[in-house]
Amino acid sequence: MSSLLQLSAVAKSFGAVRALKGVSFDLRAGEVHALLGENGAGKSTLIKVITGAHQPDGGAIEINGERVSHLTPASAHKLGIACIYQQPALFPDLTVTENIALRLEPASAARKVNWPARRTRATELLKRIGAEISPEAEVRSLSMPEQQLVEIACALGAGARIVIMDEPTASLTQKEQHLLFAVVKDLRTNGVGVIYISHRLEEIFALADRVTVLRDGESVGTNQVHTMNEASLIKLMVGREVSAIYPPSESEAGKAILSLKNLNCMAGGVKNVSLDVHAGEVVGMAGLVGAGRTELARVLFGITPADSGEIILNGQHITISSPQEAVAHGIAYVPEDRRRHGVILEMPIAHNMTMAIHRRIFPGAWLQFGAERQLALDFICDLGVKAYGPDAPGGSLSGGNQQKVSLARWLATKPKLLILDEPTQGVDVGAKSEIHKIIRRLAKEGLAVLMISSDLPEVLGMADRIAVMRGGTIAAMLPGKSDAHTVMAAALGQTK
Ligand SMILES: Nc1ncnc2c1ncn2[C@@H]1O[C@H](COP(=O)(O)OP(=O)(O)OP(=O)(O)O)[C@@H](O)[C@H]1O
Ligand SMILES: [Mg+2]
């Protein structure tokens, strides 16, 4: 197999942070090459060097055997490099056909616009990847994963030979995941080289031929995937053994902190939800993407308030019509998709972490920077946030580390009810087990925890009880010690 891409001793620093310390990497035609590493290891930085978004400080890049001295996004595109981001960069108001045409036709070409041909090409490209998406659909009407598929269609249409996917499955349903895997395998069969980044080890075993592990900006080895197992990969990644075992539940469920009775919210598609969450209890919320789990969380946090039904918190009937009210009632919500809702990029991470409790640590407006710093340092240590210190701006952190900051902000509020939406999505295995321990500790301290997760092992490993949502309502309440099959069957609405 020939090398499509060869990186030798590539280095990149951001100020004093050495994100890449001389990484060598090669990608062959017809292989899926996984890139693995803890949060902040340098994966996204490496990708940005390959796509021309960052200029390396040192090292060499060869594409198709030729040395490339100055890659820009435009020249990378011409050389057949395409990157599928988790958040696709499409024009929401245009149709799929228009988006594909814009991407594939040079803006400068004064050509006659041939709509039927454009539509045919879009249809063909979508068909090749098995996507059931209408070429006439406006992009804003498509789900995130559908938009990713449009991106892949663009990459195919552009004849990309090197396709990069940075955590592509984070928000996909299982069906969409299978579709994506089939597309990746198809690309491989067609001689495309795929670089695949994911924190989910099972995906790497299912999909990749080789795996390169980065640690602290250095490559600690490239191996054939079939010579590795989960334990050996984790060890390479973190340099120590990490327990993959979920911490056992140590708390007894106390009184009901939250009771919902026939809760409805038309705008959010939440229907007739009745649910109790007790002090000291972790209630896991399973269900397919679109089942209404995030919508329910948004109702409870006052973002889209309920139209009817009862919310009883600590024995008192309450209404929650804004996030401020929710916070005042002791409810905290760590949203999904923290890239959009979470961290303020310009602000130091210490401020980011204390934002929700400013009045508490600055009583009477006395600025207690010492208290803020200490709190931030504790969280940085607890969650293993990789940053040069509490003053580092949010934007200088890697994706996974930004998520930890956002989690810290809400943990700092010491709520009565903590709603977590996909708390470990995009975080590495070591941090994941730290977050699980923190959730357990909080439950033991008497918090009621509602944990939404699409990671079924996580739900089964962490939940004392499992609420399965389907079609905006609770389809089943299951004991924590259920099996994956029972939960999936309930999520899919299968009755035996
Ligand atoms: N624009 C930037 N400014 C300053 N530092 C940065 C910048 N981008 C990345 N870094 C630093 O470079 C290092 C590598 O970050 P990178 O985003 O490549 O990690 P990653 O492996 O993709 O992690 P994750 O799994 O969390 O996405 C981190 O220490 C990060 O803080
Ligand atoms: Mg990253």
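Could you give an account of the sheet that holds strand β11 (residues 256–265), with specific residues and numbers?
Across the sheet, four strands lie side by side as β12-β11-β14-β15; this open sheet has antiparallel pairing. Bordering the open sheet on either side are β12 (270–278) and β15 (316–318), each of which pairs with just one other strand. With strand direction ignored, the average angle separating the axes of adjacent strands in the sheet is 20 degrees. The sheet strands contacting helix α9 (residues 293–300) are β11 and β12, and the helix crosses β11 at an angle near 110 degrees.

With reference to specific residues and values, describe the site of ligand 1.
The immediate surroundings of ligand 1 are formed by 20 residues, with Lys43, Thr45, Ser396, Ser398 and Gly400 found nearest. Here an oxygen atom of ligand 1 and a side-chain polar atom of Thr45 are 2.6 Å apart. When ligand 1 is considered free in solution it has 640 Å² of accessible area, and contact with the protein chains removes 85% of it. Contributing elements (two or more residues each) for the shell around ligand 1: β2 (17–28), α1 (43–50) and α15 (399–411). When its residues are assigned to classes, the shell around ligand 1 shows five nonpolar, eleven polar and four charged. Built from parts of two domains, the shell around ligand 1 gets at least three residues from each of domain 1 (3–238) and domain 2 (256–492).

Give a detailed account of the domain arrangement of the chain, specifying residues and quantitative values.
You can read the domains of the chain as domain 1 (3–238) and domain 2 (256–492). For domain 1 and domain 2, the distance between their C-alpha centres works out to 31 Å.

Explain the packing of aromatic side chains residue by residue, including any values.
Evaluated as defined, the whole model comprises two aromatic pairs. Ring geometry for Phe301 and Tyr333: centres 5.6 Å apart, planes at 55 degrees, overall tilted. Of this pair, Phe301 sits in the loop between α9 and β14 (308–313) while Tyr333 sits in strand β16 (residues 331–334); the two residues are 32 residues apart in sequence, bridging distant segments of the chain. Considered together, Phe301 and Tyr333 belong to a single accessibility category, that of buried residues. Ring geometry for Phe301 against Trp410: centres 5.8 Å apart, planes inclined by 85 degrees, an arrangement best described as edge-to-face. Highlighted residues: Phe301 in the loop between α9 and β14 and Trp410 in helix α15, separated in sequence by 109 residues. For the pair Phe301 and Trp410, one class covers both residues: buried. Taken together, the ring pairs connect Phe301, Tyr333 and Trp410 into an aromatic cluster.

Definitions and limits used
- Residues numbered from 1 in each chain as written.
- Chains lettered and ligands numbered in written order.
- Predicted model: local features only at pLDDT ≥ 70, side-chain atom pairs only at ≥ 80, totals over all residues.
- Heavy atoms only, no water.
- Pairing = 2+ DSSP bridges.
- Helix = DSSP H or I, 4+ residues; strand = E, 2+ residues; numbered from the N terminus.
- Axes fitted to C-alpha atoms, helices over the stretch in contact; angles between N-to-C directions.
- Contact = heavy atoms within 4.5 Å.
- Near = heavy atom within 4 Å.
- Polar contact = N/O pair within 3.5 Å; in protein donor to acceptor, adjacent residues only side chain to side chain.
- Areas by Shrake-Rupley, 256 points an atom, 1.4 Å probe, with all protein chains shown as cover.
- Nonpolar A, V, L, I, M, F, W, Y, C, P; charged D, E, K, R; others polar.
- Domains from an automatic or database assignment.
- Phe/Tyr/Trp six-rings, centres within 6.5 Å; stacked < 30°, edge-to-face > 60°.
- Buried < 20%, exposed > 50% of the residue type's maximum accessible area, 1.4 Å probe, protein only.

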